[in-house]
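These are the residues of each chain, in order.
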Amino acid sequence: MAMKNVIATPEYRQDTLLEEWWNSCEKGNLLPALKKHWRIFVLSVFGNNHDPGKEERLAHKFLFRPMEYFLCRQDPEVVFEELKAKNMPSQLCGKVFKTGEPTYSCRDCANDPTCVLCIDCFQNGAHKNHRYKMNTSGGGGYCDCGDQEAWTSHPFCNLHSPNEVNQDEKNPIETLPVDLTDRASALFMAALQYIVEVLTWNQCDNLPSDLQVEGELNDTYITMLFNDEVHTFDQVIKTLQRAVKHCTAQQAREFATLVDREGRATVYRGCFTSCEQCRTIIDQSTSRHGSKPLKVQVMHTVVVAHQTFCLRLMVWLQKMIEKSDGLRRLFCLLSMKPQEDGKSLMEKLLLHDTQLWKVARILSHQLLMAGVLMDQECKKQFAVIFTKWYPNVMRDFARDDHDHEVCVASLSVQIYTVPSLARMLVTDHDLLDVILVPFLAACEEKKNANGVLSLSKADRTPSFKRACFMLYDLKYALLCKPTSDEWSDKLRESFLRGHQSFLKLLKMMQGMDEVKRQTGMHLEYEPEWEGAFNLQMRVDDVISSFTEWCSTDRTVYIEAYKQAAQMLSQCRDTTQKSEQHTVCGHTVKCLKYDVQSQPVSIHLPLSRYLAGLHVYMGDYNLQFGCPELNVQGLDPVKMIEPPLKVQVLIAQSQAGLWRRNGYALLNQIYFYHNVKCRQEMYDKDILMLQIGASAVDSNEFLIHLLNRYGLLLWIRPEYDVPTGQDDNVRQTIMLAEEFLNLLLIILGERYVPGLGQVTHEDTLKREVIHLLCISPMSNSELSKNLPDSTNLKADIEDAIHAVANFRKPTSVGTAGSGKFELKNECYKEFNPYFYHYCRTDQSQAEETQIKRKKEEKSANHTLPPPVPPKFTPQFAQISNLLQSDVLVHILSLILQRSVAVRSRSWSETQLDRVLHLIGLALHEQRRNIHEGNHNFDFIGKALKGEPNFTQLLESLVTDPKNISHDSTKDLLSWILQKFIEVRQMTSSAEANGPVEQLASSSKEENEAAKKRKARLAAKRKEKIIAKISQMQQNFIRDNADLFESTDADSSLTRGTSEMDISESAHHETPVALGKYQSLPCSIGITKATCILCQEEQEISHNSRAMVLAGFVQRSTVMSQCKSRNPTDGENLDPLFTSSDLHVGSFTNSCGHTMHADCWQSFFQAILVKERRRLSRIPHSLSYNIVQLEYLCPLCESLSNTVIPLVPALHSLVTDSDLCDVNLSFGDWLDGLQKTVKNATKQESTSASKGDPFPFLPSSLSSITKMMADSVASNFQLLWQYVNNTKGGRFSESLMEMMKKFAKDVYSFGLGVDPDDMNHRVSIVAWNTCAYTIINLEQYLRYENKPLFGASPSRNVDCINALVKFAAVCSHIMPQEVIKKHCLRLLSGLLSNGLGEGDDPQCIIDVDMFHYLVAVTMALPSLYTEGTTASNLPLNSLNNQYILELVLTAHIVQVMLLHDRSQDGEEGKGWVLLYDRSQDGEEGGMEMENDADSVALMSMYTEIRRKAGCLPPSNNDPLPWQLTRHIKRAVLPFLRCATVLYHNLTGVPIPAQLQEWTEEVEPFCSYLSLPTSFSELFLNQGELLERVVNQWCSSDVLRSRLYSASSRSVVSYPLPVNHLIDLPDDYSQLINQISSFTCPSSKGNDSQLPTMCLVCGLVVCSQSYCCQTEIKDMKVGAATEHTYRCGAGVGILLRVRECQIVLLAGTKGCFIPAPYVDSYGETDQGLRRGNPLHLCKDSYKNLQKMWFTHCIPETVAHNIESHMNLMSIHWQHL
Ligand SMILES: [Zn+2]
Ligand SMILES: [Zn+2]
Ligand SMILES: [Zn+2]
Ligand SMILES: [Zn+2]
Ligand SMILES: [Zn+2]
Ligand SMILES: [Zn+2]
Ligand SMILES: [Zn+2]
């Protein structure tokens, strides 16, 4: 119901009004004066529900223009121009990004990844030549060009480079005229006050009294609906339809979209009672299921009107301040000026943010931003204010439910990422603490009894998740790390305050999600683990930032370290007991703890943070226990406890002790090691253990480890003596393996700067090397497995290039990514015990490396431990472990157990690890010798004891009976040799000679043993192979039928091989038509094997029918008029096909043959099975069973019908020597025309007016009666043959299949319900034959391939089957129907048959090849008698004359349309058949005009004169040009005709045509046509002349040709369609699309703009705003467009996601867009952001897929392999 009581618009005098305002302004009370005006006019403008345009005009006239005049005192435009001239040229670009616009970030120069450029600045600046990333903006944010703080170099683009003189900072307000400043101050202040007053007003039914209209309020109310995050679109739409009177689905959808976009919408206007009623219904119907109801309010119109005005006023103010620097500064200062209550107006808006609806928030933010962000001085002040209110803003945000980007909290990124502002705020305003305190408060609520955070999923309030946004702010605030000389005392103080708060957070996280080993029963439910990991990942960046800050100042470092150590000691369990253990004479007091029974947590951020700090100790010459770091309780033994427990937990889990704890633990362990988390988890734990190893005595350290691993018993020699009591031996073996592994890591992993003598680059290179040792990788695989680049201090790309070579994809022309391969010299770095390898990585890498060594044919296959870098002095003590008594004892023990005949606690893995440890020790010893350091003496200790290491190693080398792996044996020999070498180097080397000898002799022996073994192995292998091959033979014999040949091609016997064709061509050039027709041979399939029953069978007309699997679809790929929608199948009259080919039906086949009955039972079986399944899970298939779709049982091609195989047609004719008829073309034509005339004459007498085909056929005799005798007899003779065939005796099964195929072609080809009896059935069968041939012809033309011999046999077979089917399909139709079709067809050309219906109306509208096929197939029925047909289109003379007639018509078309094809820009085809430049070359030369050309030229002039063409002009061609053009233009038609008649007659193809040719002559001679086309016109009798005249003198033709408005006409040759051209640079595409707005919601942003690659149209996809309905189904814009543009099949590009959507009906799939980065990789979803360029090959493949109708097939296969695609509602896209 619309509001009736419209308030009349009051009048006012502008000068009086302005006078009053100026006066009040001078007195200092402008606001009351404004309000007096507004309270009348705001209501009349915004309270009357005007249409938007009128509202806009009125608002300008009554509200805004007076203000502008008030401000300027004269024409505002003039004043604003003057002000603008005074502006300083801005150095800031500041362009605000819309959603979807491209942004660029320079990886070389950007200070942080949030610094971005707009496309203009990027393209006009230096960074485009740097390494950059590209992305699409999510909306908001602005271009940082010109901001010196954002870039390390090149801060300006060419557009924003600073002018010479503007650096002296001047207050821009001083440039304003004084009186203007006064007025502006008053106006801005008044406007802002009004805005704040109205927007913070919280009553719905009245306003402050000075805004209230005098007198009673009208009873005019509004029901206002607000958005929320709970209800879905559909719920809202349904509710509205119920609650609001007369609300249609469309309206409801519009309301819902509006609410979603703007945050609220008026859904109803009326009196209070009805509004309230509406509100109640909405409230009740949405709160039914206990959920929160939708928010609805009934508001008085006057309130809404003023709120609306506020929004406009904000936009207006923004426009004002953007006009002048001075006005902007003025506005900002005013808005930040404190009012009486101490708060400024801006602060009031800030604090009120979450109470506003969406669009009001956005506009107020924009106003603030447009003011403060562009002015450095104001921005600073704003930053302070924002920080002051930060806790309040964040508290409100956490309680709010709007998206982050529409909350004022999101402005933080604009402030805190500016380094100078952040530094100022941290120093002077305690920013770190300001952020952390409210966050800690939020955490406080999540603490458990132990004071540790517990983030359970059960607690569903999102407020904690929202609070986590503060961590981003913290990260921003820490971005600008101070250099050592930037620290001030104030900064230190404030930083350390924040640091302390941060440690409190880490303390709350220390010990999250403790786990306890389950014994007995499995855990009942999986415990929580995700929340803690999510928090950890968010904190990661902050942790590394804090560490870095600490590392730049000694004072800060020491304080921070102490704070952290103290905090950590508070977490310690003080009740922990200790016990004493003695190993190798060393007694140690160990802490008591049992990981198997006491709780362990994987979350230790505080310990790890301390470890991270610790590595910087060396930078300040500090160490454990030095006086500066005197912290109580700083005990390294206690510090290693927590990380050690985690290592033991993981080792036990590996050993299978934690099986009952389920997946939660496994997931925790997985993520603990995962590349996303390990930097602040696993890596730091190892670091802490290394710190411990450097600070604790080596023997003591090892005893602590052994104790925690529970291995103190295991290292006793007597452990190996079986006692039969310990049944945990297997677990102990594994724990020992893990223990040795940990030692290898502690000793070998030195790639941490500060720990080892390495750089950050070295660290990264080592990661890359180890990844590439697994296998060569593409760039994306590498970056996926490397840590996030933002946290790294080295450049990933540099590291990769330093160690690897890029190899481009090998095969040329294929789209694919290249791979990185490791440089040869880097392989020596390979360490199988690299700590970031998981088990699979490790074994895979080892395998790859051994294989590589073997391929290199190097004699030595050893993969020895690489030489590690040196420890820094602070950590040097770690290597001492290698010469400690305990370790030497362990090594010796395991070597002894390896040698021993029996050992229950030994494993080869232990030995391998021990050998690696020995290797490390030898490296260390060697290094020490080189450096002259004699304190390290591993060799000495190893040679003590009995037996010593040399003896043990030697006996293992000589008798490796316990060792099964070759790699271990190789390593053993290597170690022994190395041992001897190093031993010789030490001065303590005693006996060089003997050892050497021994070593070499043992080596020889070893070789001999190896050879012996190899011989034995070879023998064994031989035996096995023999056995296997015997088994295979047996299997083949038993299953002979299976092995015969299931391959499709070999199972068919084709009549003629290509060889035969060329053979026959030697004798004479074959001719397919006319008197001199050559003898046919059998082509197509003559014999086939059924893929279902494997039986072979001859194709014949009277036996069991055979069929090809086939797929019929509607198609628009060849449409010459993309703007024209395919005609609805129900209303289509398909007899004449329109020359623009705007829709057709295409049939293809995979070429697999089946018995008709075999196929039927196969299909029945699917039906039964799927019906059963369908009832349970609908849409569960990749094919649509309702549409009769199925997958070919052999190759799984998508199919929906079967094509019957008809034997060679000539074999069906009994009387092959068709009588020699002597009939001229003219007489033939005359006879046909008489028949048509006779039939139409009879029509007028026929009474049946309702008959849509008012023709009555006449008998042959009634026609011959009208002819001269000789002609009559010949004409009679010509039609004699029709009764001579045996076609009528087709077997029942063949007839049945023919009917089935005809029915399917009809229903799928037209997209209509099946209808056996429809008269159009046979026409559609002819048309699909024609359409498929044209498609093949065009495709081969595009590929420059010959018509024959180049296409796959399945296409050849399919077309052959289609042609033969078209020829016989009249057998399944009533003859009357075919006769009528024939008469209609003939009358189209010979009488006035065109021009009556809608389509086509004149000669140029008809596609002549479709016509040719139809008339060829229909003509034999013209004079048949009786009801059943028995005729085949095999009469060579008939066929010849038909072809001549149709070709004549086609040449007339070409002549009429000649000028279109000359200039036709549309003819800019994919690949032009002829290069036009050829003409250019010869253009200068005068070509000879032969007689044919001259004759054609006069025909041309005549025809065009008749058609009413203007007199000859310059555009007219020269005769030779015309001839050439005609030949070029009719060639496609001749090529199609050749395919048709070849398949129809079986006359072989001449050799010339098996190669690519552009000559028409070979086609003419095969088709028995004259090569001089003028002969088609001349001397053919005056009848033809009359007919041609008739074609050309049609009025429709004239208007079609010469009035611009009418439907477009085609040009010949028809260009081959192609997908639209795409730009090379992907960002260009993004930019192009960024201006696209949703067409159905007033220019608003579209979330998923999607571009049709067929026509280039962009639609707003997958969105409610653009949903429509097709056949009662709700569909998205993409589906809707596809339905119109591609008859249901579509290929579209989702530009923002860089992926292609393929749609086929209601199914679809995603594939990557054809854009690749420099590594040849696509970026689906635009996640990596590398610059992308068009990959021409991939795009060509897409074109091919589309043009050859393979999209439905591709979709089906994609769905088959990605079952999750099934759940997408593709039709909503
Ligand atoms: Zn810019
Ligand atoms: Zn710029
Ligand atoms: Zn750069
Ligand atoms: Zn079969
Ligand atoms: Zn197949
Ligand atoms: Zn839309
Ligand atoms: Zn399109």
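Our subject in this report is the structure included herewith.

Rules and cut-offs
- Residues numbered from 1 in each chain as written.
- Chains lettered and ligands numbered in written order.
- Predicted model: local features only at pLDDT ≥ 70, side-chain atom pairs only at ≥ 80, totals over all residues.
- Heavy atoms only, no water.
- Helix = DSSP H or I, 4+ residues; strand = E, 2+ residues; numbered from the N terminus.
- Buried < 20%, exposed > 50% of the residue type's maximum accessible area, 1.4 Å probe, protein only.
- Contact = heavy atoms within 4.5 Å.
- Donors = N, O, S within 2.8 Å, 3.2 Å for Na, K, Ca; no water.
- Tetrahedral: all angles 85-135°; square planar, octahedral: opposite > 155°, others 65-115°.
- Pairing = 2+ DSSP bridges.
- Axes fitted to C-alpha atoms, helices over the stretch in contact; angles between N-to-C directions.
- Parallel < 35°, antiparallel > 145°, perpendicular 65-115°, else oblique.
- Left-handed = near helix turned anticlockwise from the far one by under 90°.
- Nonpolar A, V, L, I, M, F, W, Y, C, P; charged D, E, K, R; others polar.
- Patch = residues over 30% accessible without salt bridge, like charges linked within 9 Å, V, L, I, M, F, W, Y side chains within 5 Å.
- Areas by Shrake-Rupley, 256 points an atom, 1.4 Å probe, with all protein chains shown as cover.
- Salt bridge = Lys/Arg side-chain N within 4 Å of Asp/Glu carboxyl O.
- Lys, Arg positive; Asp, Glu negative; His and termini not counted.
- Charge placed at Lys NZ, Arg CZ, Asp CG, Glu CD.
- Phe/Tyr/Trp six-rings, centres within 6.5 Å; stacked < 30°, edge-to-face > 60°.
- Lys NZ or Arg CZ within 6 Å of the ring centre and 35° of its normal.

### Brief notes about the environment of L881
Moving on, step 1. Along the polypeptide, L881 turns up in the loop between α33 (839-856) and α34 (885-899).
Moving on, step 2. L881 gets classed as buried once you look at its relative accessible area, which sits at 1%.
Moving on, step 3. The sequence separation of L881 and I746 amounts to 135 residues, and the corresponding C-alpha distance is 9.7 Å.
Moving on, step 4. When neighbours within four sequence positions are excluded, L881 is seen to be in contact with A693, S698, F701, L702, I746, L747 and L887.

### Brief notes about the coordination of the zinc ion (ligand 7)
Moving on, step 1. The protein atoms donating to the zinc ion (ligand 7) are C1652 (SG), C1655 (SG), H1681 (NE2) and C1685 (SG), with metal-donor distances spanning 2.0 to 2.3 Å.
Moving on, step 2. Relative to the metal, the four donor atoms surrounding the zinc ion (ligand 7) lie at angles of 101 to 118 degrees, and the coordination shape comes out tetrahedral.
Moving on, step 3. Mapping the donors of the zinc ion (ligand 7) onto the primary sequence yields the spacing C-x2-C-x25-H-x3-C. Of this pair, H1681 and C1685 both sit in helix α60 (residues 1677-1685), four residues apart, which is roughly one turn of that helix. Each of the two residues, H1681 as well as C1685, counts as buried.

### As for the coordination of the zinc ion (ligand 3)
Moving on, step 1. Around the zinc ion (ligand 3), the protein supplies C106 (SG), C109 (SG), H127 (ND1) and H130 (ND1) as donor atoms, at distances of 1.9 to 2.2 Å.
Moving on, step 2. In terms of primary sequence, the donors binding the zinc ion (ligand 3) are separated according to C-x2-C-x17-H-x2-H. One end of the pair, C109, is in the loop between β1 (99-106) and α5 (119-123); the other, H127, is in the loop between α5 and β2 (132-138), with 18 residues separating them in the sequence. Per residue, the accessibility class of C109 equals that of H127, and both read buried.

### Some thoughts on the side chain of K684
Moving on, step 1. Examined against the element boundaries, K684 turns out to sit in helix α27 (residues 682-695).
Moving on, step 2. Note on K684: relative accessible area 16%, which makes it buried.
Moving on, step 3. Aside from chain neighbours lying at most four places away, what touches K684 is R608, A611, G612, R678 and Q679.

### Thoughts on the sheet that holds strand β17 (residues 1201-1204)
Moving on, step 1. Within the open sheet, the three strands sit side by side as β14-β13-β17. Their pairing is antiparallel. At either margin of the open sheet sits one strand with a lone partner, and together these are β14 (1144-1155) and β17. Strand-to-strand twist across the sheet, computed as the mean angle between neighbouring axes with direction ignored, equals 40 degrees.
Moving on, step 2. With four bridges joining them, strand β13 (residues 1106-1115) and β17 adopt antiparallel strand pairing. In the strand pairing of β17, L1108 is matched with I1203.
Moving on, step 3. Of the strands in this sheet, β13, β14 and β17 touch helix α48 (residues 1353-1368), which is tilted by about 105 degrees from β14.

### Here we look at the sheet that holds strand β5 (residues 296-300)
Moving on, step 1. The three strands lie next to each other as β4-β3-β5, forming an open sheet whose pairing is antiparallel. Strands with a single pairing partner mark the edges of an open sheet, and in this sheet they are β4 (264-270) and β5. The average undirected angle you get between the axes of adjacent strands in this sheet is 30 degrees.
Moving on, step 2. Across the sheet, helix α9 (residues 272-286) is in contact with β3 (221-226), β4 and β5; its angle to β4 comes to roughly 135 degrees.

### Points about the pairing of strand β24 (residues 1689-1694)
Moving on, step 1. Across the six residues of β24, six count as buried, placing the element largely inside the fold.
Moving on, step 2. Side-chain alternation along β24 places V1689, I1691 and L1693 on one buried face and G1690, L1692 and R1694 on a second face that is also buried.
Moving on, step 3. The pairing of strand β20 (residues 1649-1652) with β24 spans three bridges and is classified as antiparallel. The partner of M1651 across the bridge, within β24, is L1693.
Moving on, step 4. Taken together, β24 and the strand that follows it, strand β25 (residues 1699-1704), pair antiparallel across an intervening segment of four residues, in which C1698 is found at a positive phi of about 55 degrees.

### Section: the packing of helix α47 (residues 1321-1342) against α48
Moving on, step 1. Packing of α47 against α48 leaves a shortest axis separation of 9 Å and a crossing angle of 150 degrees. Classified by the interaxial angle, the pair formed by α47 and α48 is roughly antiparallel. For the crossing formed where α47 meets α48, the hand is left-handed. Counting all contacts with α47, which are made through A1325, W1326, T1328, C1329, T1332, I1333 and L1336, the residues of α48 involved are N1355, I1359, L1362, V1363, F1365 and A1366.
Moving on, step 2. Of the residues contributing to the contact of α47 with α48, the split by class is 10 nonpolar, three polar and no charged.

### Some points on a negative patch on the surface
Moving on, step 1. On the surface, a cluster of negative charge is contributed by E229, D260, D403 and E405.
Moving on, step 2. Note that D403 resides in the loop between α15 (390-399) and α16 (412-416).

### Things to note about the packing of aromatic side chains
Moving on, step 1. Applying the stated rule across the entire model yields 59 aromatic pairs.
Moving on, step 2. Centre to centre, the rings of Y682 and Y835 are 5.6 Å apart; their planes meet at 40 degrees, and the pair counts as tilted. Highlighted residues: Y682 in helix α27 and Y835 in the loop between β9 (819-822) and α33, separated in sequence by 153 residues. The pair Y682 / Y835 is uniform in exposure class, with both members buried.
Moving on, step 3. Clustering of aromatic rings is evident, with ring pairs tying together W38, F46, F64, Y194, F309 and W316.
Moving on, step 4. Between K323 and the ring centre of F80, over which it is positioned, the NZ or CZ distance is 4.9 Å.

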